[in-house]
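# Topology and contacts: notes
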Amino acid sequence: MKIAVLPGDGIGTEIVAEAVKVLKVLNLPLEMETALVGGAAYDAHGHPLPESTLKLAKASDAILFGAVGDWKYDKLDRPLRPEQAILGLRKNLGLFANFRPAICYEQLVSASSLKPELIAGLDILIIRELTGDIYFGQPRGKRVATDGHFPGAEEAFDTMRYSKPEIERIAHVAFQAARKRNKKVTSVDKANVLETFQFWKDVVTEVHAQYPDVELQHMYVDNAAMQLVKAPKAFDVVVTGNMFSDILSDEASMLTGSIGMLPSASLNSKNQGLYEPSHGSAPDIYELCAARGLEVIDATCPLVSKVHAEVRRYAGKGATVLLVGHEDHDEVIGTTGEAPDRIHVVSHPDEVDKLDLPDPSKVAYLTQTTLSVDDTREVIEALRRRFPRIVGPS
């Protein structure tokens, strides 16, 4: 698998560096190549998405993306601003389906501004149509008004538009995702005002006929914004257009306490994906060690995300995690933010007897590929003898 590594600007460079460490630790057959993007690319090449970077992205199976942007570029012409890089990647790679999960981890319930009973156990998936709507619709620009309230005045305009195939394909993605979850889709629109979203509603309803096992609910966007803070756990999968989901996904992220803790994945019809954190480049905290990197690690490393789920499922709060592997892995896995009580590295059976654990009933183990098969088996057997109730990734 070939991965294009595009750190970008600000804390994007910091968190991507941590994600790359995790990918290397997994000892998988990955080929990683780094390129400039965003403000860094503009400084070096005069454009936020150089042709060489775009060529690399197109030739890769996946893109690991950090973040782009800095205040010093705000006066550039819009086509040259760092943010145009991510828009260009979405357009050129056809990344139409954006997955934005909002999960409230047990240890972070107190970080939310909402009452614990409203968000404990929250698990929402917002699916954003990413390459259409008013962000990409043409025509757009500035002109002198010929009608409206002030004819002859300067005005600006954008175009909201969706074709039937665009709506159909994102609806299929949403219904298929719901089948793997709680089988409920909420389609968000503004059909009472906008022709575009009356059309959206009609097409989603047509597609739903192919998924009779999934519940479909239609909701106006203003009501959806209210319900997200009133009863967020009533949602399962939410699907809507580019602009509405841009806003709602950020709102949903704050239910968990911080947008800085959440991942994002954008896929095209070939399942080529761009994986990134949900936040921006944060120039105000760059180089202050304030970015944790959980969001980009979650986004790029399904195995680490699976490990998180195993620890939560089996070990519970106050868990001890035993990492079966090389000692250098301790710090990397420890940065994933799952917050077990402690992490131990066990690379030899003799080390098991030396472990001093406060609650042996809450122990989970993770396995790595750096030890031989025999070594790994011996360590796990020793752990099972010492801790009969130990559990590990299935």
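Residues numbered from 1 in each chain as written. Predicted model: local features only at pLDDT ≥ 70, side-chain atom pairs only at ≥ 80, totals over all residues. Heavy atoms only, no water.

## Quick word on the confidence of the model for the protein
To keep things clear, this is the line we draw: Scored between 0 and 100, pLDDT is the confidence that the predictor attaches to each residue. The contact criterion used throughout is that any non-hydrogen atoms of two residues lie within 4.5 Å.
Residues of the protein with pLDDT of at least 70 account for 76%, and the chain-wide mean is 81. With pLDDT under 50 throughout, residues 286–297 is counted as low confidence; its partners more than four residues away or in other chains account for 36 contacts. Across residues 326–340, where pLDDT falls below 50, the model places 34 contacts with residues more than four positions away in sequence or in other chains.

## Some details on the packing of helix H8 (residues 221–230) against helix H9 (residues 242–255)
Keep this limit in mind: Every angle, taken between N-to-C directions, lies between 0 and 180 degrees, and every axis is a line fitted to C-alpha atoms, over only the stretch in contact when it is a helix. Numbering of helices and strands runs from the N terminus, with a helix taken as a DSSP run of H or I at least four residues long and a strand as a DSSP run of E at least two residues long. We call two directions roughly parallel when the angle between them is under 35 degrees, roughly antiparallel when it is over 145, roughly perpendicular when it lies between 65 and 115, and oblique otherwise. Residues are grouped as follows: nonpolar covers Ala, Val, Leu, Ile, Met, Phe, Trp, Tyr, Cys and Pro; charged covers Asp, Glu, Lys and Arg; every other residue, Gly included, is treated as polar.
Following both chains from N to C, one finds H8 and H9 inclined at 10°, their axes separated by 10 Å at the closest point. Considering their axes alone, H8 and H9 lie roughly parallel with respect to each other. In contact with Val221, Ala224, Ala225, Leu228 and Val229 of H8, H9 contributes Phe244, Leu248, Glu251 and Leu255. Across the contact of H8 with H9, the residue classes tally to eight nonpolar, no polar and one charged.

## Regarding the side chain of Thr240
The test is simple: For every residue, the accessible area obtained with a 1.4 Å probe (protein chains only) is divided by the maximum for its type, and the residue is called buried under 20%, exposed over 50%, and partly exposed between those limits.
By secondary structure assignment, the location of Thr240 is in strand E10 (residues 237–240). With a relative accessible area of 0%, Thr240 lands in the buried category. In this structure, Thr240 is in contact with Ile127, Arg128, Glu129, Val188, Phe197, Trp200 and Ser245, ignoring residues within four places of it in sequence.

## Observations concerning the pattern of salt bridges
The test is simple: Think of a salt bridge as a Lys or Arg side-chain nitrogen and an Asp or Glu carboxyl oxygen that are within 4 Å of each other.
Throughout the structure, instances matching the rule amount to eleven salt bridges. A salt bridge links Lys21 to Glu18; the shortest N-O distance between them is 3.4 Å. In this pair, Lys21 and Glu18 are both assigned in helix H1 (residues 11–25), three residues apart and thus about one turn of the helix distant. Under the relative-accessibility criterion, Lys21 is labelled partly exposed at 39%. The exposure class assigned to Glu18 is partly exposed, which follows from its relative accessible area of 23%. When the shortest N-O distance is used, the salt bridge between Asp246 and Arg128 registers 3.7 Å. A residue pair is termed long-range when its members are at least 10 positions apart, and Asp246 in helix H9 and Arg128 in strand E5 (residues 123–129) qualify at 118 residues. Given the relative accessible area of 24%, Asp246 is considered partly exposed. On the accessibility criterion, Arg128 (5% relative accessible area) is buried. Put simply, Asp123, Arg181 and Asp236 are held in one network by salt bridges that share partners.

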